[in-house]
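Per-entry structural report
Here is how the chains run, residue by residue.
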Amino acid sequence: MKIIIIRHGDPDYSIDSLTEKGWREAELLSHRLIKENIDDFYCSPLGRARDTASLTLKKLGKEAEILDWLHEFRGTIISPFTGRKRVSWDLPPSMWCYDERFYDIKTWSEPEIMSSGDSLKYYEETACGVDALLERYGWKRDGMAYLGGEDKTIALVCHFGLGITVMAYLLGISPVVAQNGFFLAPTSVTTLVSETDVNGISHFRATGVGDISHLYAQGEPMSESGLYPNFQK
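Cut-offs applied
- Residues numbered from 1 in each chain as written.
- Predicted model: local features only at pLDDT ≥ 70, side-chain atom pairs only at ≥ 80, totals over all residues.
- Heavy atoms only, no water.
- Helix = DSSP H or I, 4+ residues; strand = E, 2+ residues; numbered from the N terminus.
- Buried < 20%, exposed > 50% of the residue type's maximum accessible area, 1.4 Å probe, protein only.
- Contact = heavy atoms within 4.5 Å.
- Pairing = 2+ DSSP bridges.
- Expected span 1.5 Å × (residues − 1).
- Core = buried A, V, L, I, M, F, W, Y, C linked by side-chain atoms within 4.5 Å.

**Things to note about the environment of I173**
Positionally, I173 belongs in the loop between α6 (160-171) and α7 (175-181). Judged by its relative accessible area of 28%, I173 falls in the partly exposed class. In sequence terms I173 and Y103 are 70 residues apart; their C-alpha atoms lie 8.1 Å from each other. In contact with I173, other than residues within four places in its own chain, are I105, A168 and A178.

Here's what the structure looks like:
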């Protein structure tokens, strides 16, 4: 099984679509994706993801199924700096780097910062969405591993916070570490493949994270949209 996680192009959040640069990125991305032999496409309901997917889908003559849980990761916290609600990912280092619980898949939601909001709720929603989708292809979650399943290639066109959370869940790592330790640039491609042992036990491995070689090859610079300095405390 191959799962390709794609972030939307450089966003214009004011209209939930893409900037001029974002449309250029989406076009370059489409030339890459049409060569990937993707069986099925799934897309966030948000405009910036649907617009990004549209160029590839038009070239292939395919449609994407819209899945609500592929919406940008909606978990929030109360910022200790401002007392206001903010997203629970892309955190200032001082919020999480000194608390070892954030680094553990079993304890990441325990610190007061996380319990001040609903990040665990949306992490569990994402996990359920991933498992329900994989079950369509015969893959059954078994603890931290998977059993059975078809050898298909699927693409998820979504967002930074959501895409990195999907990756964290499949790899069995803390979403806080993943959300703050990796960056998925606009139109980046993250690829996960299943590996199965002689006992029929499978696990996913990342063969590429946040790859934007399709942009660099054509001289298109990386968009920094989503890096920590772009977020308020």
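Don't stop here, the text continues.
**A word on the sheet that holds strand β1 (residues 2-7)**
Strand order in the open sheet made by the eight strands is β5-β4-β10-β1-β11-β12-β9-β8, with mixed pairing throughout. Across the chains shown, the open sheet's two edge strands, defined by having one partner strand only, are β5 (65-66) and β8 (140-142). Across six bridges, the pairing between β1 and strand β10 (residues 153-158) is parallel. Opposite I3, over in β10, you have I154 as the bridge partner.

**Details of α6**
Helix length check: α6 (twelve residues) gives 16 Å between terminal C-alpha atoms against 16 Å at 1.5 Å per residue, within 8%. Phi turns positive one or two residues past the end of α6, at G172, with a value near 75 degrees.

**Some words on the nonpolar core**
In this structure, I3, L134, L156 and L170 are the most contacted members of the largest nonpolar core, which totals 42 residues. Breaking this core down by element, the ones donating at least two residues are β1, α3 (93-96), α4 (112-115), α5 (119-135), β10, α6 and α7. Sort the elements by how many residues they give to this core and α6 lands first, with eight residues. Those residues in contact with L170, other than ones at most four positions away along the chain, are I3, V130, L134, R141, Y146, L192, H203 and F204. The next biggest cluster of nonpolar side chains, apart from the first, holds 13 residues, and it includes I4, I6, A155 and V157.

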